[in-house]
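Here are the chains, one letter per residue:
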Amino acid sequence: MTSHSTPWIPPELLEQILFEAWAVPQTPHERASLFKTLCKVNRMWLGLFLRVAMRDVHIPCPLFARDLLRLLPERAASQGDADLFTAEAMALVSKLCRSMTFHIDGGATAGGSTSEPAIKLYSQTDAAPTAISTVLYMVSTFDYLPNLRRVVLEYTDWGYDDLFDQLRLAIFPAQVTHLALHYAFRAPALVPLAVYLKALYTRHPQAHFAIPTVRHLEVSGVPAEFVADMLQICPGLETLEMASPARLYVLAPLPASVRTVVLRVAGRTLDREQMQWWMLTAAMEAKLFDPAAGGRIVVRSGTPDPVAWTETKRFCGRFGVELVYEREETACDCGSCR
């Protein structure tokens, strides 16, 4: 290499760098900008980055949903010769795609910016949540993305009823076994309203659709009643994972298929008061797990209060439930998830 040579990065290292950059949590606008920027560097970057982006697909806005649907073989065949991006992406997405994340931003405007802080409660015409139904319908109908195993919905500044009232998951790909639902509220001014909406949430009397193939359900930022409604929809569920859990008695009794409940608690420590939020006494007395089969509760958190933890572990053991601690290395102190 001469003194004027351009430094060379091995493709394997560059792909790992791109993977790390794509995995960093970002706003929908930031992710869309990153996608467009990395695709324009050169052909080598395009090829490497598409391997990353098509493995873990993000749909930050409705336009990205439209572009993803262009990659369906049935759609592409009717569009004639493909450009470089489409040709590269088509060759990768069907083979590599393992997860798909939808970003539904209640404060986004048509231009991609955000409006004044507000929580959107209902919309039949909003393009972002409609994209969920459209994409999942097409993937399911055409048996597309055979390696897709995980679907994530990230609602920002939205109420909790859109998923049920608009039947967003009524048509769901049979190959998907992991479903994650995350709700967050961007502005601090919205947090009191979000707390009010949680308290106001009313159980749906019956499930209007079912997703029998989901084995692992992950939720955050939702009331316990919302989780109970999801348990009705996922009759084959085996593992339930909850962030900032509270009032577990609402979930009792769990479906017989559920053998493990994972409780994720933010912060460096776990004190007695936080454990009391779980209301395990009421939950166990209401037979949270089938008494004949028992169950397992995995707590992922900071360091627990040793006395309170020992007492809680012994109490669970009386009901045939194993309580396990796993340290959460990336515990967050953000209050918006509670």
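The sections below set out a description of the structure shown in this document. (Residues numbered from 1 in each chain as written. Predicted model: local features only at pLDDT ≥ 70, side-chain atom pairs only at ≥ 80, totals over all residues. Heavy atoms only, no water.)

1. Concerning the overall build of the chain
Keep this limit in mind: Strands here are runs of E lasting at least two residues and helices are runs of H or I lasting at least four, both read from the DSSP assignment and numbered beginning at the N terminus. Each residue is assigned to one of three classes by its accessible area relative to the maximum for its type, calculated with a 1.4 Å probe on protein chains only: buried under 20%, partly exposed between the two thresholds, exposed over 50%. Note on contacts: a residue pair is in contact if any heavy atoms of the two residues lie within 4.5 Å. We get accessible surface area from the Shrake-Rupley algorithm with a probe of 1.4 Å; when it comes to residues, only the shown protein chains can shield them.
For the chain, the count of helices and strands is 13 helices and 11 strands. Taking all 338 residues of the chain together, 47% fall into the buried category. The contacts in the chain between residues at least 6 apart in sequence include a share of 74% that link residues at least 24 apart. Accessible surface, the chain as shown: approximately 16700 Å² in total, 57% of it carbon and sulfur.

2. Here we look at the packing of helix α1 (residues 11-23) against helix α3 (residues 43-53)
This is how the line gets drawn: All axes are obtained by fitting lines to C-alpha atoms, using only the stretch in contact for helices, and the reported angles, taken between N-to-C directions, cover 0 to 180 degrees. Note on terminology: angles under 35 degrees are roughly parallel, angles over 145 are roughly antiparallel, angles of 65 to 115 are roughly perpendicular, and the others are oblique. For a crossing to be left-handed, the near helix must be turned anticlockwise from the far one by less than a right angle; the clockwise case is right-handed. Note on residue categories: nonpolar means Ala, Val, Leu, Ile, Met, Phe, Trp, Tyr, Cys or Pro, charged means Asp, Glu, Lys or Arg, and polar means any other residue, Gly included.
For the pair α1 and α3, the least separation of the axes is 9 Å and the interaxial angle reads 50°. It follows that α1 is oblique to α3 by the angle criterion. Considering how the two elements wind past one another, α1 and α3 form a crossing that is right-handed. Together, P11, L14, E15, L18, F19 and W22 of α1 and M44, W45, L48, F49, R51, V52 and A53 of α3 make up the contact between the two elements. Residues that form the contact of α1 with α3 fall into these classes: 11 nonpolar, no polar and 2 charged.

3. Brief notes about helix α9 (residues 191-200)
Applicable threshold: Throughout, the arc means that of the directions going from the helix axis to the C-beta atoms.
Taken together, the buried positions of α9 are A194, L197 and K198. Relative to the axis of α9, the buried residues are bounded by an arc of 100° and lie together on one face. Those residues of α9 that are exposed and angled more than 90 degrees off the buried face are P192 and A199.

4. Observations concerning the environment of D165
Note on placement: D165 falls in helix α8 (residues 162-165). For D165, a relative accessible area of 42% corresponds to the partly exposed category. Separated by 42 residues in sequence, D165 and S123 place their C-alpha atoms 9.9 Å apart.

5. As for the environment of R300
To keep things clear, this is the line we draw: Here a polar contact is taken to be a pair of N or O atoms separated by no more than 3.5 Å, where protein atoms must pair a possible hydrogen donor with a possible acceptor and residues adjacent in sequence count only if both atoms sit in side chains.
You can see R300 is positioned in strand β9 (residues 295-301). With a relative accessible area of 26%, R300 lands in the partly exposed category. For the pair formed by R300 and Y325, sequence separation is 25 residues and the distance between their alpha carbons is 6.2 Å. Beyond its immediate stretch of four places on either side in the chain, R300 contacts E241, V262, L263, R264, V265, E326 and E328. One polar contact links R300 to E326, side chain to side chain, over a distance of 2.9 Å.

6. A look at the pairing of strand β2 (residues 99-105)
Side-chain positions along a regular strand alternate between the two faces of the sheet. This is how it is decided: Two strands qualify as a pair provided DSSP detects at least 2 bridges between them.
Judged by how many residues are buried, β2 sits mostly within the fold: 7 of 7 residues are covered. Here β2 shows no split at all, with S99, T101, H103 and D105 on one side and M100, F102 and I104 on the other all buried. Sheet analysis places strand β1 (residues 56-59) next to β2, joined by 4 bridges and oriented parallel. Bridging from a neighbouring strand, V57 pairs with M100 of β2. The pairing of β2 with strand β3 (residues 150-156) spans 7 bridges and is parallel. By the bridge assignment for β3, H103 is matched with E154.

7. Some points on the side chain of H58
Take H58: it is sitting in strand β1. In terms of polar contacts, H58 uses its side chain to reach the side chain of R31, at 3.4 Å. In this structure the side chain of H58 is engaged in a polar contact, spanning 3.0 Å, whose partner is the side chain of H103. Filtering out sequence-adjacent residues up to four positions away, H58 remains in contact with W22, R31, F64, T101 and H103.

8. Let's talk about a nonpolar patch on the surface
Which entries qualify depends on this criterion: Residues forming no salt bridge and having over 30% relative accessible area are the ones grouped into patches, like charges within 9 Å of each other and nonpolar side chains (Val, Leu, Ile, Met, Phe, Trp, Tyr) within 5 Å. Whenever Lys or Arg places a side-chain nitrogen within 4 Å of a carboxyl oxygen from Asp or Glu, that contact is recorded as a salt bridge.
Where nonpolar side chains cluster on the molecular surface, the patch consists of I9, L13 and I17 and spans about 250 Å² of accessible area. Looking at the secondary structure, you find I17 in helix α1. With a relative accessible area of 44%, I17 lands in the partly exposed category.

9. Some words on the packing of aromatic side chains
The description of an aromatic ring pair rests on the distance of the ring centres and on the angle between the ring planes. The cut-off we apply is this: By convention, a stacked pair of Phe, Tyr or Trp rings (six-membered ring in the case of Trp) has centres within 6.5 Å and planes under 30 degrees apart, an edge-to-face pair has planes over 60 apart, and any other such pair is tilted. Criterion for a charge above a ring: Arg CZ or Lys NZ at most 6 Å from the ring centre, at most 35 degrees from the ring normal.
With the rule as written, the count across this model stands at 13 aromatic pairs. Pairing Y160 with F185 gives two aromatic rings, centres 6.5 Å apart and planes at 80°, and the pair type is edge-to-face. Of this pair, Y160 sits in the loop between β3 and α8 while F185 sits in the loop between β4 (178-184) and α9, placing them 25 residues apart in sequence. Judged by its relative accessible area of 7%, F185 is buried. Grouped by ring-pair contacts, the aromatic residues Y155, W158, Y160, F164, Y183, F185, Y201 and F226 constitute a single cluster. The cationic tip of R31 hangs over the ring face of W22; the distance from NZ or CZ to the ring centre is 4.8 Å.

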